[in-house]
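Coordinates in review
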Amino acid sequence: MHNDFHIALLLFAWVSTGLTTFAALDAATRLPGGSTIAKRRNWRIACAAILGIGLWSGLWLAQVGLHRQVGVSLGAPLLGSLMTALAASVATFAVVLPDATFGTPSQPLQRRGIAIGATALGIGLLVLELQLARPWAHDATLTLQRTLLSYGGGTLVLAAGASLAMSMAFYAPPAQRREAVGLRARAAAVLATSAVFSLMIWPSITTWSADEPTAHVVPTIMLSAGGVLLALGLHAVLIMLETRVDSTQAHLAASLARVASQPQVPQHHDALTGLPNRLQLRQALDSAIVSATRRGRPFALFYLDLDNFAQINEQHGHNAGDRVLQIIAERLRQTVRGEDTVARLGGDEFGILVEGLALPEAAATIGDKLLFRLRESVEIDGRRVRATASIGVVIHPHNGATADALLEHADAAMFDCKQSAGNAYRFFEPRLNTTAHRVLQIQRSLSHAALNGQLSVYYQPKFDARTRAMIGAEALLRWNHPELGPVSPAEFIPLAERTGTIVELGDWVVEEVCRQIMHWDAAGMAPQRIAVNLSPRQFQQPDLVQRLSQILHRYHVSAHRLMFEITETAAMRDASQSIAAIRQIQSLGFEVAIDDFGTGYSSLSYLQRFRAQQIKIDRAFVSALDDNPPEAAAIIRAICAMAHSLEMTVVAEGVETEAQMQALIHLHCDQVQGYLLARPLPAQAFQDWMNLQAA
């Protein structure tokens, strides 16, 4: 019998295919925990490259080992077969290694993923081997029985091998795959055996004689061997990266354990500014209360909060913000006496204790000095920034007899000052006591409101101005506190913005809207575009687009179903950064609207660069149509003309009378929103209202 293959080379092809397949499957189970979507995607591509290059190299070696003619011009066959192997590998790992994992996948989902991955791998191997063997070029004398046996047998072997290998490698739970080395080795052996054996089954074009010189196949052997080395080298790189990550995580865990095991020693000074902290200020207050009670002399407590510190952090970075805090701390120390206590209470808040006042009124003089000193700009890396403050002032014993009462009342006075305009000081008044307790209660409850089921989203329809047909809705956050009852957004949104809770609330609103859209779609409702407000702080988050993308993926909602509204003031805080953020949001397919237009200071050039799809006229201009029709009409007409020239639609909000409605139609406003046509409705009521409109 004619010897159709070279045993040693064929054995090397089988071993190299098995090794590279094992390397790919092994790397696929070693993705470091807590990886981001981008890291998972890169790791998946690397695993696919190992598998694709390994299969391609091994099968070309087997082709030579079978003494099959590889041809003189190898460029196109080599490149084409390599692209086929890589495409099949990428498709396979795209299914079995998803971009993100949300909990443990269910068994049906896991089985379906393995089945799809095995199908993609089997089809890819089938195409690859057909490219190598080219059975259609076989001698025409080949019998029908041999043809069916060859085609059917090769396909069956590949299908069985791919299915069995994928099941063995990925059917175990993700947490157990990493330890199942033996199972991965058997899966690699199964896939390598089925790939090489099926290649032997295919009828092929004319083989080259055993005594024919082998020089013409040496480049193919060298290239294939190089591919094997490349695949194994890539696997080694991934193993080193995994080891490095594991080492870093182990070192971090050990460091955290050492820190946790150390006894907790109370710290009395702030690490950034060197000032006493809140604990030290409380102790100083306790001592001052004892001394003042004995001597009968009042003292003052000043509670400072920087007015625009969040904006400084967002525009100039946290390093610049830290430097501003250090400079402010030094200025406060220089403004008061050496024996007075200046403390950092946390974040951008400071406390100053001034003892031995001759009269309570002397605190006003100190407040003036503090404001004057703080109004001086601060230079950071050649840039000048202003950091004014809102100051609350309390006098002992008139405004409190304990340290807790004084701090609480000073905080209330400061907050009342900040709500007015900031850049001033305000003495505590008894009327603020109720406000202080309410503010404190709102602050404490706000962070848990979503978990406690107190938040809800209402939907206010938007209408075409001329036809009055509904064309969308705006999502509005509502809070029903168990003790305070309904809390106005005008009250809790500024507090959430101040404390940073607004970012979590904003994400919750987007997630709730997407969940509701999915529910409405399942109920057969007509698709609607929902507008969601982005707060200034939320808009400045660097990972905003990534979080939005994850929420959409979780609820399978298309981006065109959402529109995000950004206030004109927020967009103009840092116009260049806002332009970049808007571009990123729009790159996902979202539309963007500029809300409360007319209250800020945007220019036509910036509006053109923003490229927003919509402008919403502030309700103040709509209300002015009743009080001062000519002036309000002129402003609205100008806004509409400008927006239309930039191909933006114009929405008027706060429409409450028929006269306003007719005036807006005459002024060429595109859409309207307000109590005249529909009030905000809870989700179920909005759904019922929509069903009535469609009936």
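The present account deals with the structure reproduced in this document. (Residues numbered from 1 in each chain as written. Predicted model: local features only at pLDDT ≥ 70, side-chain atom pairs only at ≥ 80, totals over all residues. Heavy atoms only, no water.)

**Focus: the packing of helix H16 (residues 502–522) against helix H18 (residues 544–555)**
Remark: H16 packs on H18, axes separated minimally by 9 Å, with the N-to-C direction vectors making an angle of 25 degrees. Relative to H18, the element H16 is oriented roughly parallel. The handedness of the crossing between H16 and H18 is right-handed. Of the residues in H18, those touching H16 at Val503, Asp507, Val510, Glu511, Cys514, Arg515 and Met518 are Arg547, Leu548, Ile551, Leu552, Arg554 and Tyr555. In terms of residue class, the contact of H16 with H18 is built from eight nonpolar, no polar and five charged. (Axes fitted to C-alpha atoms, helices over the stretch in contact; angles between N-to-C directions. Helix = DSSP H or I, 4+ residues; strand = E, 2+ residues; numbered from the N terminus. Parallel < 35°, antiparallel > 145°, perpendicular 65-115°, else oblique. Left-handed = near helix turned anticlockwise from the far one by under 90°. Contact = heavy atoms within 4.5 Å. Nonpolar A, V, L, I, M, F, W, Y, C, P; charged D, E, K, R; others polar.)

**Topic: a nonpolar patch on the surface**
A cluster of nonpolar side chains, Leu11, Trp14, Val15, Leu19 and Leu232, forms an exposed patch at the surface whose accessible area comes to about 410 Å². Its location among the elements puts Trp14 in helix H1 (residues 7–28). (Patch = residues over 30% accessible without salt bridge, like charges linked within 9 Å, V, L, I, M, F, W, Y side chains within 5 Å. Areas by Shrake-Rupley, 256 points an atom, 1.4 Å probe, with all protein chains shown as cover. Salt bridge = Lys/Arg side-chain N within 4 Å of Asp/Glu carboxyl O.)

**Notes on the packing of aromatic side chains**
For the structure on display, the rule yields eight aromatic pairs. Measuring from ring centre to ring centre gives 5.0 Å for Tyr459 and Trp520, while their planes differ by 65 degrees; the resulting arrangement is edge-to-face. Residue Tyr459 is located in strand E8 (residues 455–464), and its partner Trp520 is located in helix H16; the two are separated by 61 residues in the primary sequence. Each member of the pair, Tyr459 together with Trp520, is buried. The interplanar angle of 90 degrees and the centroid separation of 5.5 Å between the aromatic rings of Trp479 and Phe492 together place this pair among those described as edge-to-face. With Trp479 in strand E9 (residues 470–481) and Phe492 in helix H15 (residues 489–499), this pair connects stretches of sequence that are 13 residues apart. Each of the two residues, Trp479 as well as Phe492, counts as buried. Members of the aromatic cluster, each reached through a chain of ring pairs, are Tyr459, Phe463, Trp520, Phe686 and Trp689. The cationic tip of Arg478 hangs over the ring face of Tyr458; the distance from NZ or CZ to the ring centre is 5.8 Å. (Phe/Tyr/Trp six-rings, centres within 6.5 Å; stacked < 30°, edge-to-face > 60°. Buried < 20%, exposed > 50% of the residue type's maximum accessible area, 1.4 Å probe, protein only. Lys NZ or Arg CZ within 6 Å of the ring centre and 35° of its normal.)

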